[in-house]
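A closer look at the structure
Residues per chain are reported as follows:
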There are 2 protein chains.
Amino acid sequence: MANSTSGDSVTDRLIRVLDTFTPIRTVQTAAEIGRRAGLPPSTAHRIVGELVDAGLLERDDDRRIRVGMRLWELATRSSHALRLRQVALPYMERVQARIREHTQLAILEQDEALFLERLSGPGSGSNVTRVAGRLPLHASSSGLVLLAYGDHDLQERVLSGPLGALTDETITDAATLRRKLAEVRSLGHAVAPGYIESVSTGVAVPVRDETGTVIAALSSVLRRDDPVPPALAELRAAARGIENALGYRV
Amino acid sequence: MANSTSGDSVTDRLIRVLDTFTPIRTVQTAAEIGRRAGLPPSTAHRIVGELVDAGLLERDDDRRIRVGMRLWELATRSSHALRLRQVALPYMERVQARIREHTQLAILEQDEALFLERLSGPGSGSNVTRVAGRLPLHASSSGLVLLAYGDHDLQERVLSGPLGALTDETITDAATLRRKLAEVRSLGHAVAPGYIESVSTGVAVPVRDETGTVIAALSSVLRRDDPVPPALAELRAAARGIENALGYRV
């Protein structure tokens, strides 16, 4: 009942439909969704219709499809990681108010850094990060923190996989990355100058739960010429504040 | 193929599963999910298993189930309403820094006020609102704004329906509510003293798109004795800022 003739479950097809929406592709026709999801047109139309009826997708006046608020609501209201985000937000605002560059919170998700929050001011510099967007672990300062404190299997998986270059300065060599991770653990923070964009430097610190396990990375994206120490001091203080606030709630 | 023997689609059953999770019920067993979703145990186990495999739900060490980050990511990364939230956030932070009580952003969703964001400080007063939570249109200041500027059908639907009391002061009478909505339109803001909790007063203003349509309500939850005018002035300024920022992006 749950499986189509091609053997994938309805849940799989649902995810393939949702996966066709991206930060830069927020509106599509049902036909485009079907093509991008690899579904026959009739199947795509039926699934899209069901999702629209349920409010998980929405149809605009031009009959184009977008992700519905109901999906966000269901996904958000009972999420554990978003309780972390809610606890972290006041501390992130303080960092943001003082450093005036982007302040971000990321967690490890499927071998990538998933960004739960990003605060930016009108005068903040360049930044590719988006809320609910991802960055590679080996390239972003947040990712380097999550990887450096991640388990052995994760590290070996990333170190043995392809290490793609986002700029000329991204670490693409396993031995160099291994040394970088040791440096992160030794210093207690990650600095990633030009790894994601040549014009900016990422700075990240770990956020730990009450058992000492690193559960998130708190980061700033600075302009390349900005001094790193003031941002690091603010990030460290904010991470301690978040950890205390989480502790009180356990 | 998409329908079970009981006639509801797989999408419906999926939503019934997701709907069993709430802000205060974030972790459940598969059996509890099945019971609350009205599904036979075998069906519940299969759907939960598929959703776990897909990352939309997650299983913890005790085999209990929670909502997965993948669902949040898919729902958030391409959401239109969350672009509004992202644009609004810096302006909300300014209100929050000055008024030091809760600052909130809500949209109309299925005849209720759905809260996209809530900022609070350590010293902020009582507040029942949650991110991705809802409040009735007739009781919350945000809801009164969304209702007052909503279309005629919406207003008649709410006015003819039951108007539940959250406190002794909630408006529960259609004629009184009709007068209140006229007042909101005339003043350009809503004040809801004690409607949601007797200890607090909600204050809300509309946020409009470039065509003048009200697309959101920006609100503060004040302590009952706090003066309203300073919060109103900050909210109005923030709403103008959000509208300008949205305009530039269109």
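Within an unreviewed UniProt entry, the label attached to chain A reads IclR family transcriptional regulator, and the organism entered is Microbacterium insulae.

This next bit is on the sheet that holds strand S5 (residues 134–136) of chain A. Residue and element names in this part refer to chain A. The strand order across the open sheet formed by 6 strands is S5-S4-S3-S8-S7-S6, and the pairing between neighbours is antiparallel. A strand with exactly one partner marks an edge of an open sheet, and here the two such strands are S5 and strand S6 (190–193). In this sheet, adjacent strand axes meet at a mean angle of 30° when their direction is disregarded. By the bridge criterion, 5 bridges tie strand S3 (residues 102–109) to strand S8 (residues 214–223) in an arrangement that is antiparallel. Across the sheet, His102 pairs through a bridge with Val221, a residue of S8.

We now examine the interface of chain B and chain A. Counting from both sides, the interface comprises 59 residues of chain B and, opposite them, 59 residues of chain A. Summed over both partners, the interface of chain B with chain A buries about 5200 Å², with 61% contributed by carbon and sulfur atoms. On inspection of chain B and its partner chain A, the count reaches 8 salt bridges. The residue A:Glu73 makes a salt bridge to B:Arg134 at a minimum N-O spacing of 2.4 Å.

On to the packing of aromatic side chains. As enumerated under the stated definition, the model contains 0 aromatic pairs over all chains in all. Over the aromatic face of B:Tyr149 sits the side chain of B:Arg208, whose NZ or CZ is 5.0 Å from the ring centroid.

Let us look at the relation of the copies chain B and chain A. When chain B is fitted to chain A, the best match, at an RMSD of 0.0 Å, comes from turning it 180° and sliding it 0.0 Å along the axis. The operation mapping one copy onto its partner corresponds to a two-fold rotation axis. Residue by residue, 100% of the interface of chain B is reproduced at the interface of chain A, so both copies engage with the same surface.

Let's shift gears to the layout of surface pockets. Volume-wise, the second largest pocket comes out at about 670 Å³. Lining the second largest pocket are 22 residues, with A:Glu93, A:Ala97, B:Glu93, B:Arg94 and B:Ala97 positioned closest to its centre.

This part covers the environment of A:Ala75. Summarising the element assignment, A:Ala75 is placed in helix H4 (residues 69–76). In contact with A:Ala75, other than residues within four places in its own chain, are B:Val67, B:Leu71, B:Trp72 and B:Ala75.

Turning our eyes to something else, we now look at the nonpolar core. The nonpolar side chains of a soluble globular protein tend to be buried with one another. By size, the foremost hydrophobic cluster in this structure holds 111 residues, and its most contacted members are A:Leu57, A:Trp72, A:Leu218, B:Leu57, B:Trp72 and B:Leu218. Not counting residues up to four positions away in its chain, the partners in contact with B:Leu57 are B:Val17, B:Leu18, B:Phe21, B:Val48, B:Leu51, B:Val52, B:Ile65, B:Arg66, B:Val67 and B:Gly68.

Residues and elements named next belong to chain A. The backbone phi angle of Gln110 is positive, close to 50°, even though this residue is not glycine. Its place among the elements puts Gln110 in the loop between S3 and strand S4 (112–119). Relative accessible area serves as the criterion here: at 46%, Gln110 is assigned to the partly exposed category.

Moving on, we get to the domain arrangement of chain A. Domain boundaries assigned for chain A yield domain 1 (10–75) and domain 2 (80–246). In this structure, domain 1 of chain A and domain 2 of chain A have C-alpha centres spaced 32 Å apart.

All names here are of chain B. It is the contact of helix H2 (residues 30–37) with helix H3 (residues 41–54), at a shortest axis distance of 9 Å, that shows an interaxial angle of 115°. Here the hand of the crossing between H2 and H3 comes out right-handed. Residue-level contacts link Ala30, Ala31, Ile33 and Gly34 of H2 to Ala44, His45 and Val48 of H3. Classifying every residue of the contact of H2 with H3 by side-chain character gives 5 nonpolar, 2 polar and no charged.

What counts, and at which threshold
- Residues numbered from 1 in each chain as written.
- Chains lettered and ligands numbered in written order.
- Predicted model: local features only at pLDDT ≥ 70, side-chain atom pairs only at ≥ 80, totals over all residues.
- Heavy atoms only, no water.
- Pairing = 2+ DSSP bridges.
- Helix = DSSP H or I, 4+ residues; strand = E, 2+ residues; numbered from the N terminus.
- Axes fitted to C-alpha atoms, helices over the stretch in contact; angles between N-to-C directions.
- Contact = heavy atoms within 4.5 Å.
- Buried area = accessible area lost by both parts, 1.4 Å probe.
- Salt bridge = Lys/Arg side-chain N within 4 Å of Asp/Glu carboxyl O.
- Phe/Tyr/Trp six-rings, centres within 6.5 Å; stacked < 30°, edge-to-face > 60°.
- Lys NZ or Arg CZ within 6 Å of the ring centre and 35° of its normal.
- Least-squares fit on C-alpha atoms with pLDDT ≥ 70 in both.
- 1 Å grid on protein atoms, 1.4 Å probe; cavity = no way out; pocket = protein on both sides within 12 Å on 5 of 7 lines; lining within 4 Å.
- Points joined across faces, edges and corners; volume = space filled by probe spheres on them.
- Core = buried A, V, L, I, M, F, W, Y, C linked by side-chain atoms within 4.5 Å.
- Buried < 20%, exposed > 50% of the residue type's maximum accessible area, 1.4 Å probe, protein only.
- Domains from an automatic or database assignment.
- Left-handed = near helix turned anticlockwise from the far one by under 90°.
- Nonpolar A, V, L, I, M, F, W, Y, C, P; charged D, E, K, R; others polar.

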